[in-house]
Amino acid sequence: MNSTRASHGRRARRLSVAIAALPALLAPLAGCEDRQRQPDGPPGDAAPTVVPEAGDAAPAAPAVTASSFAAASAHPAVPTATPSASSDVVAGASQRYEAGPSVIASDSIDGAALRKRHVARLKADDSPVTVLRGQGPLELGKRICEAVVPRRPPATPVLLKPNLCGFDSVKDPAKHKGDDGVTGRVTQPEFVRGVVQCLKARGHTKITIAEGCGHSHKFWKDIAQRTGYEAMAAEEGAALVAMDDDGVYDVAGDRPGKPLAIAGIQATRVPTLLMPKVLAEHLDHGLFLSLPRLKMHRYSVISAGIKGMQGTVMLSDSAPAYKQKWRMHRELKEYLDTKGPGHEDRALYLSSLRAFAERMVDVLEISTPDAVLGDGAPAMGGDGFQVLQPTAEMVAIGGTNPVRVDRVVAEFMGVWNSPALARELGGHRTSPLIEAAAKRFGLDLKATAITGDGADLLKSPRPVHYKAMAPFRLDWEPGQAPPPGDKAPEPAPPAAATAKAPEGQPDAGPTALEGPPDAGLKAPEGPPDAGLKAPEGPPDAGAPARPEAHAPPLPPGEKVAIDGKADDPAWSRAPAVSWDTDYTGKSTGVLTRARFLWSKEGLYVLFELSSAGLNTDHSRPVGVERTGLYKEDCIELFLSPAPASPRRYFEVEIGPFGHYFDIAIDRDARLEDTAWSSGATIATRRSAQARTAVIEALLAAPGIVNALAPRARLPMNLYRMEGKEPRRYLAWSPPRTSKPNFHVPEAFGALVLDP
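Residues numbered from 1 in each chain as written. Predicted model: local features only at pLDDT ≥ 70, side-chain atom pairs only at ≥ 80, totals over all residues. Heavy atoms only, no water.

Draft legend 1. Highlighting the pattern of salt bridges. Summed over all chains, the structure comprises 33 salt bridges. Close ionic contact of Glu365 with Arg115 constitutes a salt bridge, the shortest N to O distance being 2.9 Å. Separated by 250 residues along the polypeptide, Glu365 in helix α9 (residues 346–366) and Arg115 in helix α2 (residues 111–124) bring together distant segments of the chain. Of the charged contacts, one joins Asp475 and Arg473 as a salt bridge, the two residues approaching to 2.8 Å between their closest N and O atoms. Where salt bridges share partners, they join Arg115, Arg269, Glu358, Asp362, Glu365 and Arg440 into one cluster. (Salt bridge = Lys/Arg side-chain N within 4 Å of Asp/Glu carboxyl O. Helix = DSSP H or I, 4+ residues; strand = E, 2+ residues; numbered from the N terminus.)

Written out as C-alpha cells, the structure is:
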C-alpha cells in the first residue's frame, strides 16, 4: 500500500461535474437465489476494504482447464482427522472435540445420525454471538474467525461456504447504468480471504471454498472470475469448487459435487434431499464454516446462517439435482401466478413462506455448520437483490449456533421483535425461518448473549430498510416517529447517532464566510453544466429526510496523527456515515464511508473508499493546487459555516493520492473565491490490489474553525467522483437532479457537532 502526506495553504479552483448515470436496479420478482442467469458483463467492483500499509444445460464433462476447477481437482482427498482432547477456548460451544463415528457409508449418508448429533448440539449451544466493528472485510474476516471458529487439529480439513450466487443476474454496467448485478449481494472475497488467513495461521493447510449455485459449469467459472474468488483462492492456496452435479464437479478430480443419498430422512419435509460429497466429508470428519453475506431478503426477511444453507441443497426429484433448489419454495409459484396489480393473496404468501422455513430448518438439522461468520462490511438493507441500502457500520457477526447468530443479525437489521413486520407477516415479528428453528430446537432466543466490540450497536434502536416480495416495505431510522402501533424507542445517544432527521430550521451559525463579502470574489467561468448552474428546484416534498453526520469533540490533549492510517483511538468514537447512492439516489454498490471529529485546531475528516480505481494523473505534484481534479477520482466536501446562509459554503476536493483543490462559493451572488484556502493537512493511503483508499485530513481555515461550536448544525454534503466507464457521481444526500449537479444547497444534509 502506498501513502501520501502533505500540508496545503493556498488553493485555486473551479468546481464542476460532468454527466453519468449509475445503477438503476430493476428486475422482476423472484423467489430466492436459484433462477437461471446468464453472464453479460464484466467483473463487479471489489467490496469495501481498508487495508493497512505494507440458464443453459450442464455440459457433458467439458475439458478441464487451468481454472478454479484445476485447483480443486488437484486437492487431495479429505483425510480423516485425529480426534483431539484439547479444549475449545475460542467459542466455548464444546469443551472437547470428538469426531465421532463416520456417517458416510459408500455412496450414502446416515441422515438420522447426523440429525441426532446436530440437534443435540443446537439445543445445548448457548454460547454468545460475537459482533465486531471494523474498517473492512479483510480485517473483519480475520477477527471474527479468531473470535468464533472452534479450534481443531491442524490436519483437519476445512470447508468454507460463502454466499457466492445470491443475485438475480449478471449485468453489463455499461448497459445498466453502472450496476453489475452482483456487487453488494454476495460474500466479499476479501472477507473470505481474511478467514482463510486466520485458518492458515492456525496451521490448517487443507481449505476448500465451495458454493452451490444451480447453474452451468461455464456460468460458475465466469462468476468465480468476475467476483475475484478464483484469483483469491489461487493466491491463498485454497481449492474453489462448486457443489453441483454439473457434469464436471461430480465426475472429475475428488468429485466434490457428486450427490450422495441421505438415509433416514423420509419423515422430514425434505425426503428427496441429497448432499454434495465435499460437504458430507467435512461434516463427517472436518470443519464446516458458513460465510453468508448479511442482508435483507425479499422472501425470507433476512439472509444469514439458516437461509445460507440453500446453497447446499440438491434434490433427487429430477436431474440434475443441483438445479432443483427452487422446489424448496415451490408453493411460492402459485402466489406469484395469482399476484397482480393491486391484488395479492397474502395468506397464500405466508403459507408458502412457512413451508419454506420448515424445509430450511430440516436442511439445517442435517447440514449444521460448526460456525457462522457473517460478512456485514457493510450489511445490506433493501431486498437483497434489486434494492440495496448499506448499513452505516461495517461489522462481522458470528457464532457457533446458527439460530442465535440469525437472531442477532435480525436485531442488527432492525427486524427482531418488530410489530411493524408482524402486521405484514401474519404475526411473525422476525424472519419465520428464525422462529421455526427456535421452536424446533426449544431455544429461548431472548436469552442470547452478545459480545464483541460491536455489541453496543444493539443497545439502541436499529434502523430498518426492508422491501419484501409481497407489496410492503419497512423504512425507519432512529429519530423518526415510530410506525403506527409501535412503541416509541429510546433515542440513541448523540455521539452514536448516524440517523437521518427531517429537515428543519437549523441553529444559528457562528460565522459567515470570512472576509468582506466581495473580497477576492470573481464571477464563475466555464460551461453552464460544469459548475454553478442554477438549481433545478428543491427536492420533492416526498423525498427522504436529509441525513445527519455527527462529529464528537476531541478531548483536550488528545491528538490525531494525520498519516492516512486512521488508527488513532479517537476515530473509533466517531460514528461513520456511509453511502453508495449516486446523485439521483440510486444504489451503486460502490461504498464510501466518512467520519468527523472537531477541536479548536479544526475539523478532522476521514474518508474510506471501496471499489477505488485510483484514476489519477500521477505526473502532477501533490503539493500544488490541482485544477480540474473533479475530472479524476476524488472526494468532495461541501460545508456551510453559517446555517442561516446555506447558499454560501466552502468546497474541498481531495484525491486518493493527496491532490487537492478548494474554493469558497456564494450561490446567490454567483461568485466564487478561488484564493480561499482550507488550510488542509492531508495524508492518504491506498491499495491498488484491494481497490481501496483512505483519505485523512485536518481542515484548519479560520472560516471553518470559527464555525465549530458545541451543538452547531452545519449544512454539509459529501460527494465522490469515481471511475471512467462508467463515470460515477456519488452523493451522501442525493440532489436528485436530472443531470449531475452537486451545487444544490437545498439538498444538503447536516454535520452536527456533539458537545
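That shown, we press on.
Draft legend 2. Region of interest: the state of the cysteines. Tallying each qualifying case throughout the model produces two disulfides. Covalent S-S linkage joins Cys145 and Cys198, the inter-sulfur distance amounting to 2.2 Å. One disulfide, between Cys145 and Cys198, carries an S-S torsion of -70° and so falls in the left-handed class. Here Cys145 is found in helix α3 (residues 137–148), whereas its partner Cys198 is found in helix α4 (residues 189–201), with 53 residues between them in sequence. Residue classification places Cys145 among the buried positions, given a relative accessible area of 0%. Linked covalently through their sulfurs, Cys165 and Cys213 form a disulfide whose S-S length is 1.4 Å. Taking the sign of the torsion about the S-S bond as the criterion, the disulfide between Cys165 and Cys213, at about 40°, is right-handed. Taken as a pair, Cys165 in the loop between β5 (158–162) and α4 and Cys213 in the loop between β6 (207–211) and α5 (217–226) lie far apart in primary sequence, 48 residues in all. Per residue, the accessibility class of Cys165 equals that of Cys213, and both read buried. Cysteine pairing for the chain (bonded cysteines numbered in sequence order): 1-3, 2-4. (Disulfide = S-S within 2.5 Å. Buried < 20%, exposed > 50% of the residue type's maximum accessible area, 1.4 Å probe, protein only.)

Draft legend 3. Summary view of the side chain of Thr391. For Thr391, the position within the fold is in the loop between β15 (388–390) and β16 (395–399). Given the relative accessible area of 11%, Thr391 is considered buried. Polar contacts involving the side chain of Thr391 include one to the main-chain carbonyl oxygen of Glu393, which spans 2.8 Å. Leave out the neighbours within four places in its chain, and Thr391 touches Pro378, Ala379, Phe412, Met413 and Ser578. (Polar contact = N/O pair within 3.5 Å; in protein donor to acceptor, adjacent residues only side chain to side chain. Contact = heavy atoms within 4.5 Å.)

Draft legend 4. A look at the environment of Thr205. The residue Thr205 is located in the loop between α4 and β6 in this model. Taking C-alpha positions, Thr205 is 7.2 Å from Ala155, a pair spaced 50 residues apart along the chain.

Draft legend 5. Here's a closer look at the nonpolar core. Judged by nonpolar contacts, the single largest core of 121 residues is most densely connected at Leu160, Ile209, Leu289, Tyr349, Leu373 and Ile397. If one sorts the elements of this core by residue count, α9 sits on top with eleven residues. Leu289 has contacts with Val149, Val158, Leu159, Leu160, Lys161, Val195, Leu199, Asp370, Ala371 and Leu373, leaving out every residue within four places of it along the chain. In this structure, Val590, Phe596, Tyr660 and Ile695 belong to the second largest nonpolar core, which totals 42 residues. (Core = buried A, V, L, I, M, F, W, Y, C linked by side-chain atoms within 4.5 Å.)

Draft legend 6. Region of the structure containing the pairing of strand β10 (residues 287–291). Of all five residues making up β10, five are buried, and the element is well covered by its neighbours. Going residue by residue along β10, you find Leu287, Leu289 and Leu291 tucked away on one face and Phe288 and Ser290 tucked away on the opposite face as well.

Draft legend 7. Structural detail: helix α6 (residues 229–236). What α6 keeps buried is the set Tyr229, Glu230, Met232, Ala233 and Glu236. Burial along α6 is one-sided: seen end-on, the buried residues are contained in an arc of 165°. After α6 finishes, the residue Gly237 shows a positive phi value of roughly 75°. (Arc of directions from axis to C-beta.)

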